[in-house]
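# Survey of secondary and tertiary structure
Take a look at the letters that make up each chain.
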Amino acid sequence: MEHSKPIQWFPGHMAKTRRKLKESLSLVDMVIEVIDARIPQSSRNPELDSLAAGKPRLLIMNKADMADDAATTKWIAYFQKQGYYVLPADCKTGKGLQKLDTILNEALAEQKEKWRQKGMVGRPVRAMVVGIPNVGKSTFINRMAKSSSAKTEDRPGVTRGNQWFTLKSGAQLLDTPGVLWPKFEDQEVALRLAFTGAIRDQILDCEELACDLLSLLAAHYRSFLLERYKLEEPLPEMGYELLELVGRKRGMLISRGEVDTTRAANMILDEYRAGKCGRITLEHPPVKG
Ligand code: G4P
């Protein structure tokens, strides 16, 4: 998909975040990366694999309630094959998160055995939580904080702003401040992040974005598109014609029967982001051929 104007990114304090991340990593036994189940690859941080090398990794596929279940199942298998622990979840309701403790214990079973042999009984499991913007990291943290037994505490020697939560099981979670960056140099990734609303609309051409989204839906989730906007086959092939058609169907007209495509585009993006078009995953694991 070609977007005429490259989507610009503002990495901000990337170097500082990277340094803080490294510091925090030295304090934990494993890393929990919250990702968006609708764009499981695009919502990951490209450097975490190398930064967290050697530590067990858990991917929380958040917003699973908005993603296509069949695609989520495929992604789980794909990530597990690469050695990740994976937990699909809906952090808004907490669905899926009951399994978190079991997974943390399983991921660190070997480590815990080593501690036991060294007499380090009662050493709590420590994990840090990371995620690029909009994946629902705060929602996850808030939910876990609610069910945690101990209050948030600042520890000496820990980067200022770091927050720890002790879960009922005794496991400790570290919430790291600073914005984690996605793979912003890849335009396809940027586009998918824009579809989900992870990139601010002010820097985007909404009409073009909506056209791209409609084309993608027509290709992969056609029946959802037909149903949502009460359309009939044959659909026009071009995204812009689809946009006009949807706008017309919704009565979004300006003078002389012309469609208000800006309004239609915003509506389509809003509806996708709110999950109104159905449970749709925008990228699929690579198939080896
Ligand atoms: P962040 O810290 O990673 O930047 O993300 P944050 O928790 O702020 O969540 C971003 C948006 O995603 C929020 O919606 C939040 O409610 C929503 N969200 C988080 N987890 C889930 C989930 O599992 N399922 C669904 N459906 N949505 C989720 P918002 O529109 O920005 O806020 P609000 O309308 O909820 O107040």
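Since the structure is predicted, the reported quantities are computational estimates derived from the model, not experimental observations.

Residues in contact with the ligand amount to 15 residues; listed here are only the nearest, Asp-65, Asn-134, Lys-137, Ser-138 and Thr-139. Take Lys-63: an N or O atom from its side chain is 2.9 Å from an oxygen atom of the ligand. Note that an oxygen atom of the ligand is positioned 3.0 Å from one of the side-chain N or O atoms of Asp-90. When the ligand is considered free in solution it has 700 Å² of accessible area, and contact with the protein chains removes 61% of it. Here the element with the most residues in the shell around the ligand is helix 6 (residues 137-146); it accounts for 3 residues.

A few words on the sheet that holds strand 2 (residues 57-62). In spatial order, the strands read 3-2-1-4-6-5; together these 6 strands make up an open sheet with mixed pairing. A single partner strand is all that each edge strand has here, and the edge strands are strand 3 (85-88) and strand 5 (163-166). Averaged over all adjacent pairs, the angle separating strand axes in this sheet is 25 degrees, with direction ignored. Across 4 bridges, strand 4 (residues 126-130) lies against strand 6 (residues 172-175) in parallel orientation. Paired with Arg-126 across the strands is Gln-172, a residue of strand 6. Sheet strands in contact with helix 4 (residues 100-107) are strand 1 (30-36), strand 2, strand 3, strand 4 and strand 6, and its direction is about 175 degrees off that of strand 3.

Another point: the environment of Arg-222. Here Arg-222 lies in helix 9 (residues 222-228). The exposure class assigned to Arg-222 is partly exposed, which follows from its relative accessible area of 31%. Here the alpha-carbon distance between Arg-222 and Leu-235, two residues 13 residues apart in the chain, equals 9.5 Å. Residues within four places of Arg-222 in sequence aside, it is in contact with Leu-217, Glu-233 and Leu-235. Looking at Arg-222, its side chain comes within polar contact range of the main-chain oxygen of Ala-218, at 3.2 Å.

Within the secondary structure layout, Thr-176 lies in the loop between strand 6 and helix 7 (187-196). Within the local environment of Thr-176, its side chain forms a polar contact with the backbone oxygen of Val-129, the two atoms lying 3.1 Å apart. Those residues within four positions of Thr-176 in sequence are excluded, and the remaining contacts are Ser-24, Met-128, Val-129, Val-130, Lys-137 and Asn-162.

Of all 6 residues that make up strand 2, 6 are buried, and the element is covered over most of its length. Because side chains alternate across strand 2, one face comprises the buried residues Arg-57, Leu-59 and Met-61, and the other comprises Leu-58, Ile-60 and Asn-62, equally buried. In the sheet, strand 1 pairs with strand 2 via 6 bridges, with the strands oriented parallel. Directly across from Ile-32, in strand 2, lies its bridge partner Leu-58. Of the strand pairs in this sheet, strand 2 and strand 3 are connected by 4 bridges, and their pairing is parallel. Note that in strand 3 the partner of Met-61 across the bridge is Pro-88. Between the parallel elements strand 2 and strand 3, the chain passes through helix 3 (residues 69-81) in a crossover that is right-handed.

Cut-offs applied
- Residues numbered from 1 in each chain as written.
- Predicted model: local features only at pLDDT ≥ 70, side-chain atom pairs only at ≥ 80, totals over all residues.
- Heavy atoms only, no water.
- Near = heavy atom within 4 Å.
- Polar contact = N/O pair within 3.5 Å; in protein donor to acceptor, adjacent residues only side chain to side chain.
- Areas by Shrake-Rupley, 256 points an atom, 1.4 Å probe, with all protein chains shown as cover.
- Helix = DSSP H or I, 4+ residues; strand = E, 2+ residues; numbered from the N terminus.
- Pairing = 2+ DSSP bridges.
- Axes fitted to C-alpha atoms, helices over the stretch in contact; angles between N-to-C directions.
- Contact = heavy atoms within 4.5 Å.
- Buried < 20%, exposed > 50% of the residue type's maximum accessible area, 1.4 Å probe, protein only.
- Right-handed = clockwise from strand over helix to strand, strands pointing away.

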